[in-house]
There are 2 protein chains.
Amino acid sequence: MVLVVRTDLKMTAGKISAQCGHATLACYKALVKANPKLVRHWERTGQAKIALKGTSEEQLLELEAIAKSLNLCARSIVDAGRTQIEPGTRTVLAIGPAPVRLINEVTGSLRLL
Amino acid sequence: MVLVVRTDLKMTAGKISAQCGHATLACYKALVKANPKLVRHWERTGQAKIALKGTSEEQLLELEAIAKSLNLCARSIVDAGRTQIEPGTRTVLAIGPAPVRLINEVTGSLRLL
């Protein structure tokens, strides 16, 4: 699973942590229904999670669309904005779990957070 | 749900993000079995997640024990240590979801991450 975190929002580490929790759970819940076998395999093999740097809302939406066009599970989190950022801000996109090769087709060029 | 993140390990934001994803999922999976009604309530009310500063492995273990003594769901993540930190290092403790009043009995004195 990859977590693409918007760095342009200048969120604190705490805010990023909570948003990544939301995104992880959103993808897990979607995929455990759609493809429980894939989720079990991921759980048995260390349930890898990698956080990557995103740069804008547009980029997150584009990556989400590409992921979905490859039949990958993808969920972006829209923050309620009660704390550090504007309501309705898209903060983190989670993709997967899925084979690394497939995820790399979407996010292979992004840098580690 | 609170996520107590060890700040003494000097993890990068990316590492913290992945560990918080692990911890969130661990607590969710445990509690959805033990108390699905509570999880549903939390999901319907914004599934709050707050990241807090932890200072040591001992502290994480102590908070985990206190949480469990109050019948709260608590899971700490032991990292495989393939990247930034030593194998077997405890990185993040998740507690909850649970009523704020109860979680505050365990982590009310900790600062926001």
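Scroll up to find the structure.
Because the structure is a prediction, the values reported are computed rather than measured. (Residues numbered from 1 in each chain as written. Chains lettered and ligands numbered in written order. Predicted model: local features only at pLDDT ≥ 70, side-chain atom pairs only at ≥ 80, totals over all residues. Heavy atoms only, no water.)

Caption draft 1: Geometry of the packing of helix α1 (residues 13-34) of chain A against helix α2 (residues 36-44) of chain A. Residue and element names in this part refer to chain A. Across the interface, α1 lies against α2 with an axial gap of 5 Å and an inter-helix angle of 125°. The angle between α1 and α2 places the two elements in the oblique class. Where α1 abuts α2, its residues Tyr28, Leu31, Val32, Lys33 and Ala34 lie against Pro36, Leu38, Val39, Arg40, Trp42 and Glu43. Residue composition of the contact of α1 with α2, by class: eight nonpolar, no polar and three charged. (Axes fitted to C-alpha atoms, helices over the stretch in contact; angles between N-to-C directions. Helix = DSSP H or I, 4+ residues; strand = E, 2+ residues; numbered from the N terminus. Parallel < 35°, antiparallel > 145°, perpendicular 65-115°, else oblique. Contact = heavy atoms within 4.5 Å. Nonpolar A, V, L, I, M, F, W, Y, C, P; charged D, E, K, R; others polar.)

Caption draft 2: Expanded view of the nonpolar core. Counting 43 residues, the largest nonpolar core has Leu3 and Val5 of chain A together with Leu3 and Val5 of chain B as the members making the most contacts within it. Contributions of two or more residues to this core are made by β1 (2-6), α1, α2 and β4 (89-95) of chain A together with β1 (2-6), α1 (13-34), α2 (36-44) and β4 (89-95) of chain B. What Val5 of chain A contacts, discounting residues up to four positions off in sequence, is Met11, Ile16, Cys20, Leu52, Lys53, Gly54, Thr91, Val92 and Leu113 of chain A. (Core = buried A, V, L, I, M, F, W, Y, C linked by side-chain atoms within 4.5 Å. Buried < 20%, exposed > 50% of the residue type's maximum accessible area, 1.4 Å probe, protein only.)

Caption draft 3: The pattern of salt bridges, seen in detail. Under the counting rule described, the total for this entry stands at 14 salt bridges over all chains. Taken together, the shared-partner salt bridges connect Arg6, Asp8, Glu57 and Arg90 of chain A into one network. (Salt bridge = Lys/Arg side-chain N within 4 Å of Asp/Glu carboxyl O.)

Caption draft 4: Representation of the interface of chain B and chain A within the structure. Listed as interface residues are 21 residues of chain B and, on the opposing side, 21 residues of chain A. On the chain B side of the contact with chain A, Ser17, Leu25 and Lys49 of chain B bury the most area, a combined 29% of that side's loss. Taken together, chain B and chain A are joined by two salt bridges. A salt bridge links Lys29 of chain B to Glu43 of chain A, with the shortest nitrogen-to-oxygen separation between them at 2.5 Å. For the pair chain B and chain A, the interface holds six residue pairs in polar contact (both at pLDDT 80 or more). If you list the elements that add at least two residues to the side of chain B that touches chain A, you get α1 and α2 of chain B. Residue composition of the side of chain B that touches chain A, by class: ten nonpolar, eight polar and three charged. (Buried area = accessible area lost by both parts, 1.4 Å probe. Polar contact = N/O pair within 3.5 Å; in protein donor to acceptor, adjacent residues only side chain to side chain.)

Caption draft 5: How the structure looks around the relation of the copies chain B and chain A. Under the fitted operation, chain B is carried onto chain A by 0.0 Å of movement along the axis and a turn of 180°, and the coordinates agree to an RMSD of 0.0 Å. Those values place the two copies in the arrangement expected of a two-fold rotation axis. The overlap is high: 100% of the interface residues of chain B also sit at the interface in chain A, so the same surface is used on both sides. (Least-squares fit on C-alpha atoms with pLDDT ≥ 70 in both.)

Caption draft 6: Up close: helix α3 (residues 57-69) of chain B. Residue and element names in this part refer to chain B. For α3, which comprises 13 residues, the first-to-last C-alpha distance of 18 Å matches the rise-based estimate of 18 Å (1.5 Å per residue) to within 8%. Residues Gln59, Leu60, Leu63, Glu64 and Ala67 constitute the buried set of α3. Looking down the long axis of α3, one finds its buried residues gathered within 135° of arc, a one-sided arrangement. Away from its buried face by more than 90 degrees, α3 exposes Glu58, Glu62 and Ser69. Buried positions along α3 lie against β1, β2 (50-54), β3 (74-79), β4 and α4 (100-107). (Expected span 1.5 Å × (residues − 1). Arc of directions from axis to C-beta.)

Caption draft 7: Molecular detail of the sheet that holds β4 of chain A. All names here are of chain A. Strand order in the open sheet made by the four strands is β2-β1-β4-β3, with mixed pairing throughout. Each having just a single partner strand, β2 (50-54) and β3 (74-79) make up the two edges of the open sheet. Going from strand to strand, the sheet's axes swing by 25° on average, the running direction of each strand aside. Alignment of β3 against β4, held across six bridges, turns out to be antiparallel. Across the sheet, Ile77 pairs through a bridge with Val92, a residue of β4. Contacts from helix α3 (residues 57-69) reach β1, β2, β3 and β4 within the one sheet, and its direction differs from that of β4 by about 30°. (Pairing = 2+ DSSP bridges.)

Caption draft 8: Representation of the sheet that holds β4 of chain B within the structure. All names here are of chain B. Taken in spatial order, the four strands of this open sheet run β2-β1-β4-β3, and their pairing is mixed. Of all the strands in the sheet, just β2 and β3 have a single pairing partner and so form its edges. Mean inter-strand twist for the sheet, computed between neighbouring axes without regard to direction, equals 25°. Of the strands in this sheet, β1, β3 and β4 touch α1, which is tilted by about 140° from β3. Taken strand by strand, α3 contacts β1, β2, β3 and β4, and its axis lies near 30° from that of β4.

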